[in-house]
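Okay, here's what each chain looks like letter by letter:
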Amino acid sequence: MPVPFPELWSWLETRPLAEHIGFTWWFPFLESLHVLGVGLVVGSILMVDLRLLGLTALTYPVSRMTKELIPWTWGAFILTVITGFGLFMTRASTYIENPAFQIKLIGLAAAGVNMALFQFRTFRQVPSWDAKAVIPSTARNAGLASLALWILVVFAGRWVGHII
Amino acid sequence: MKDSIASALAESSAREFAIYLLGNVPGLPPIAQSIHILAIAVIMASAVMVNLRVLGLAVPSQSPSEMIRRLLPWTFWALPVNLITGGLFVVARPNRYFYNPVAEWKFQMLVPVVLLAVVLYWINAREHGYWEASAGRRTAARVIAVVSLLLWLGIVLAGRWIAYTDYLYFLYE
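If you're wondering where the values come from, they're calculated on a predicted model, not measured in any experiment.

All right, on to a nonpolar patch on the surface then. Residues and elements named next belong to chain A. Residues Leu-17, Trp-25, Trp-26 and Phe-29 make up a contiguous nonpolar surface patch of roughly 390 Å² in combined accessible area. Following the sequence through the fold, Leu-17 ends up in helix H2 (residues 16-23). For Leu-17, a relative accessible area of 43% translates into the label partly exposed.

Written as structure tokens, this is what we have:
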């Protein structure tokens with residue numbers, strides 16, 4: 001698949017920072033922090049998704065779970081974006097052409113859309129089902145979609161290194 | 001003892017089988033690694049969250065004792081998943097892992113952190129609320145939580161560094 005902005009990616013990978021990351025201990029260092037961030041992002045999302053699916057933490061209202069866990073999700077997500085960008089820039093034009101990397105980006109975008117739809121549509125009616133164990137199917141489906149998409153993102157992300 | 005285990009594994013048919021699986025099942029290496037990362041995410045959502053809660057850093061509305069009872073079994077289920085998905089690579093290349101200093105640190109951190117999780121869980125299972133019942137016990141739980149968090153952090157970082165040890169120490173099989 002031809003990728004857009006080829007000059008941008010080759011410009012990015014010739015930055016001194018990109019070369020520094022690629023040729024020193026910075027690469028494994030950023031990569032290990034990336035895995036830590038992935039664990040926290042997926043772990044905190046998993047807790048919310050399993051609550052939405054009515055499988056765990058049923059004594060806690062959904063809104064309290066999301067309120068207390070989303071800061072962890074976002075904090076860890078910022079860590080993964082910064083470290084992930086550092087890894088990406090070392091071989092930007094190769095990564096952007098990597099099918100696993102492309103699937104990962106699509107999966108992330110889909111997870112983002114799912115989260116936004118949940119936040120701005122489904123979650124508005126939260127007072128009517130907040131404390132219930134079994135919640136409306138739109139909210140349960142959002143949890144299921146989120147779970148599936150994040151598992152896809154982890155698989156695709158780990159696959160990136162096996163294709164390069 | 002390490003030498004004898006490593007050489008026994010290196011000459012075992014289990015090693016041949018692991019190498020066969022990794023080489024012949026399409027996509028098995030990234031699949032096993034992805035499942036390993038997902039199981040790490042489960043540990044982050046259970047043992048790590050419990051430790052963060054005990055320290056007052058996360059999910060303030062949830063009860064620590066209830067979290068210990070509800071969440072730590074998830075850690076105890078995730079660990080064998082990590083053992084199998086990680087063990088596949090260790091069995092396939094025992095010398096690479098047994099004589100890798102970072103892998104050694106990882107396992108030296110793993111044993112105490114699992115024991116601490118078992119202690120938290122087991123005592124709370126015998127007496128629900130044990131860790132919240134007095135100032136001394138709350139302090140003990142906080143010490144366990146700090147040590148456990150540092151160990152989990154070290155384990156996750158070390159896990160990723162194992163693959164780069166050759167590059168650091170120039171070790172070869």
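Next comes the rest of the write-up.
Residue and element names in this part refer to chain A. Between helix H6 (residues 99-120) and helix H8 (residues 137-163), the shortest axis-to-axis distance is 8 Å and the interhelical angle comes to 160°. On the basis of the axis angle, H6 is roughly antiparallel to H8. Of the two elements, H6 crosses H8, and the hand of that crossing is left-handed. By residue class, the composition of the contact of H6 with H8 is 19 nonpolar, 4 polar and 1 charged.

It is worth spelling out the environment of Tyr-95 of chain A at this point. Examined against the element boundaries, Tyr-95 of chain A turns out to sit in helix H5 (residues 92-97). Counting along the chain gives 68 residues from Tyr-95 of chain A to Ile-163 of chain A, while the straight-line C-alpha distance between them is 9.3 Å.

Facing the 33 residues of chain A at the interface are 33 residues of chain B. Between chain A and chain B, a total of about 3100 Å² is buried, with carbon and sulfur atoms accounting for 75% of that surface. Area buried by chain A at its contact with chain B is led by Tyr-60, Glu-68 and Arg-158 of chain A, which between them contribute 19% of it. Between chain A and chain B we count 1 salt bridge in total. Between Arg-160 of chain B and Glu-31 of chain A there is a salt bridge, with the nearest N and O atoms lying 3.3 Å from each other. If one sorts the elements of the side of chain A that touches chain B by residue count, helix H3 (residues 26-52) of chain A sits on top with 16 residues. Tallied by class, the residues present in the side of chain A that touches chain B amount to 23 nonpolar, 6 polar and 4 charged.

This next bit is on the layout of surface pockets. All names here are of chain B. When its volume is computed, the second largest pocket comes out at roughly 260 Å³. Put simply, the parts of the chain that give the lining of the second largest pocket at least two residues each are helix H1 (2-10), helix H4 (64-92), helix H5 (94-98) and helix H6 (101-126). Tallied by class, the residues present in the lining of the second largest pocket amount to 9 nonpolar, 1 polar and 2 charged.

Here the focus is the pattern of salt bridges. Residue and element names in this part refer to chain B. Under the counting rule described, the total for this entry stands at 4 salt bridges over all chains. Close ionic contact of Arg-137 with Glu-127 constitutes a salt bridge, the shortest N to O distance being 3.4 Å. Residue Arg-137 is found in helix H7 (residues 135-161), and its partner Glu-127 is found in the loop between H6 and H7; the two are separated by 10 residues along the sequence.

Now for the packing of aromatic side chains. In the structure shown here, the tally under the stated rule is 12 aromatic pairs over all chains. Relative to Phe-77 of chain A, the ring of Trp-74 of chain A has its centre 5.8 Å away and its plane inclined at 85°; by these criteria the two rings are edge-to-face. In this pair, Trp-74 of chain A and Phe-77 of chain A both sit in helix H4 (residues 62-90), 3 residues apart, roughly one turn of the helix. Relative accessible area serves as the criterion here: at 25%, Phe-77 of chain A is assigned to the partly exposed category. Judged by centre distance (5.2 Å) and plane angle (10°), the rings of Phe-88 of chain A and Phe-101 of chain A are stacked. Placement of the pair is Phe-88 of chain A in helix H4 and Phe-101 of chain A in helix H6, with a sequence separation of 13 residues. Comparing Phe-88 of chain A with Phe-101 of chain A, the two get one shared label, buried. Three or more aromatic residues joined by ring pairs form one cluster here, namely Trp-9, Phe-85, Phe-88, Tyr-95 and Phe-101 of chain A. Here the guanidinium or amino end of Arg-126 of chain B rests over the ring plane of Trp-122 of chain B, the centre of that ring lying 5.2 Å away.

Here is what the cut-offs are and how they apply
Residues numbered from 1 in each chain as written. Chains lettered and ligands numbered in written order. Predicted model: local features only at pLDDT ≥ 70, side-chain atom pairs only at ≥ 80, totals over all residues. Heavy atoms only, no water. Patch = residues over 30% accessible without salt bridge, like charges linked within 9 Å, V, L, I, M, F, W, Y side chains within 5 Å. Areas by Shrake-Rupley, 256 points an atom, 1.4 Å probe, with all protein chains shown as cover. Salt bridge = Lys/Arg side-chain N within 4 Å of Asp/Glu carboxyl O. Helix = DSSP H or I, 4+ residues; strand = E, 2+ residues; numbered from the N terminus. Buried < 20%, exposed > 50% of the residue type's maximum accessible area, 1.4 Å probe, protein only. Axes fitted to C-alpha atoms, helices over the stretch in contact; angles between N-to-C directions. Parallel < 35°, antiparallel > 145°, perpendicular 65-115°, else oblique. Left-handed = near helix turned anticlockwise from the far one by under 90°. Nonpolar A, V, L, I, M, F, W, Y, C, P; charged D, E, K, R; others polar. Contact = heavy atoms within 4.5 Å. Buried area = accessible area lost by both parts, 1.4 Å probe. 1 Å grid on protein atoms, 1.4 Å probe; cavity = no way out; pocket = protein on both sides within 12 Å on 5 of 7 lines; lining within 4 Å. Points joined across faces, edges and corners; volume = space filled by probe spheres on them. Phe/Tyr/Trp six-rings, centres within 6.5 Å; stacked < 30°, edge-to-face > 60°. Lys NZ or Arg CZ within 6 Å of the ring centre and 35° of its normal.

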